[in-house]
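Read off the chains here:
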Amino acid sequence: MDRRQESTLDVPFTDTNTQSPSIHLTYLTLDCGMKEDRYAFLAEWYDPTAALLRRYQLFYYPKDGSVEMFDVKNQRIFLRRTKYEDLHQEDLFIGNRVNVFSRQLNLIEYGDQYTANKLGSKKERTLAVVKPDVVTKIGDVLELIYSSNLIVTKAKMTKLTWSQAADFYMEHQTKPFFNNLVQFVSSGPVVAMELMGDEAISIWRRLLGPADSAVARREAPQSVRAQFGTDGIKNVGHGSDSLAAAARELEFFFPSKIGHGPSNTAIFTDCTCCIIKPHAISEGLTGKIVNSISSAGFEISALQMFNVDRANAEEFYEVYKGVVTEYPSMVTELCSGPCMVLEIHGTDTPKSFREFCGPADPEIARHLRPTTLRALYGKDKVKNAVHCTDLAEDGVLEVQYFFKILDG
Ligand code: ADP
Ligand code: MG
């Protein structure tokens, strides 16, 4: 299909030259004199037809969940104020990618001081590392993270070498426990995550609890270390302790220069590929889904979050093109926000894992196989919580697509 046609399909964008009368106002004043909240962002959209980055002011009205877009260069309304249920206030933060009527918009900056103060003032990013002792309980940890109003914006399972772990813990070089700590952290896979939210640094450290798990059980029995930790070394996780440490430690695991961070743990044999779809991530279901997968006895041998471009989503789903009527919507869903990709390892996993995911249509799944992932977490045929490899022989190829090609 011609991309120009595709991008304007069903979309109430306007071609008029109407100037936006309200564009520089922070509030809209309604007839009754009440003020209505309006959040403003600067957003970029890559227009594949023109091979251009286009800039828009994006407005979000929380009262009725409507959006409006203003073309910055041409100074005209691009999208009239329209209700759009797939965009949520929680998705509106700088650095995130959101989907507005099939356009993936990168949120670059807050559009005004009011929005920055209201939505951005306390937003922080921090590094969380789930240490080797509880990687198998990653679902539980994710559930706690989401229930504390933090969201995961990056994630990668990796196995550090001794020297990488020593570099990471450089500040503890002179401590008596340094060797044991480095040995432990490099003894198995860890999951590094970027967490985002209001006061993320202190919230995650409070969630972890005191460093010594025994002390945690005494002083903070609800904390992660109290619940899952063993002692002072095997203490579940790491959390940055300041803004500066967070910036440095995030750069260690998620360097801005692609391909320079610690590598993923994919093994590319006897495996199948599971993608937790963007809608499920944005609904906060990540922990529950990962938990269901582990509780059913499946081994997660690699895990990583990806922001998939439209071109890559089209390529990944190529085999469904012309075969499945939902193909275009599947592509749109996959690139509408971050997704989490898992390598599930074990003999015969492509078959057994596909059965565990259930029929592609969640409505049918709820009738026929009510305990499957799609029955539990899916909404419709496109937003059906997870993708899983269809054909056994494609398992390795799909895992390679993400963990070899896109993580290159
Ligand atoms: P936190 O992880 O809470 O920031 P620290 O930065 O003080 O704690 O220490 C880093 C890690 O070193 C701890 O998470 C723990 O695994 C280990 N550690 C700290 N203190 C001790 C100790 N006294 N004995 C053994 N291990 C320790
Ligand atoms: Mg520390």
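Provided above is the structure to which this section pertains.
All values derive from a computational prediction rather than experimental measurement.

A.B. asks: Would you mind going over the packing of aromatic side chains in detail, with residue names and values included?
C.D. replies: For any two aromatic rings, the description comes down to two numbers: the centre-to-centre distance and the angle of the planes. Scanning the entire structure with this criterion turns up 18 aromatic pairs. Judged by centre distance (5.9 Å) and plane angle (85°), the ring pair of Phe-306 and Phe-403 falls under edge-to-face. Pair noted here: Phe-306 is in strand β14 (residues 299-306) and Phe-403 is in helix α17 (residues 395-406), with a separation of 97 residues, a long-range link. By the burial criterion, Phe-306 is buried, and Phe-403 matches it. What links up through ring pairs into an aromatic cluster is the set Phe-306, Phe-316, Tyr-317, Tyr-320, Tyr-401, Phe-402 and Phe-403. Taking NZ or CZ as reference, Arg-38 lies 4.1 Å from the ring centre of Phe-59, over its face. The lysine or arginine in question, Arg-103, covers the ring of Trp-45, its NZ or CZ lying 4.2 Å from the ring centre.

A.B. asks: An account of the pattern of salt bridges is needed here, citing residue identities and associated values.
C.D. replies: Across all of its chains, the model carries 16 salt bridges by this definition. Glu-44 is the partner of Arg-55 in a salt bridge, and the nearest nitrogen-oxygen pair spans 3.0 Å. Of this pair, Arg-55 sits in strand β4 (residues 52-61) while Glu-44 sits in strand β3 (residues 39-47), placing them 11 residues apart in sequence. Classification of Arg-55 by relative accessible area gives partly exposed; the value is 36%. Glu-44 gets classed as buried once you look at its relative accessible area, which sits at 14%. Several salt bridges converge on common partners, so that one network encompasses Glu-36, Asp-64 and Arg-81.

What counts, and where the lines are drawn
- Residues numbered from 1 in each chain as written.
- Chains lettered and ligands numbered in written order.
- Predicted model: local features only at pLDDT ≥ 70, side-chain atom pairs only at ≥ 80, totals over all residues.
- Heavy atoms only, no water.
- Phe/Tyr/Trp six-rings, centres within 6.5 Å; stacked < 30°, edge-to-face > 60°.
- Helix = DSSP H or I, 4+ residues; strand = E, 2+ residues; numbered from the N terminus.
- Buried < 20%, exposed > 50% of the residue type's maximum accessible area, 1.4 Å probe, protein only.
- Lys NZ or Arg CZ within 6 Å of the ring centre and 35° of its normal.
- Salt bridge = Lys/Arg side-chain N within 4 Å of Asp/Glu carboxyl O.

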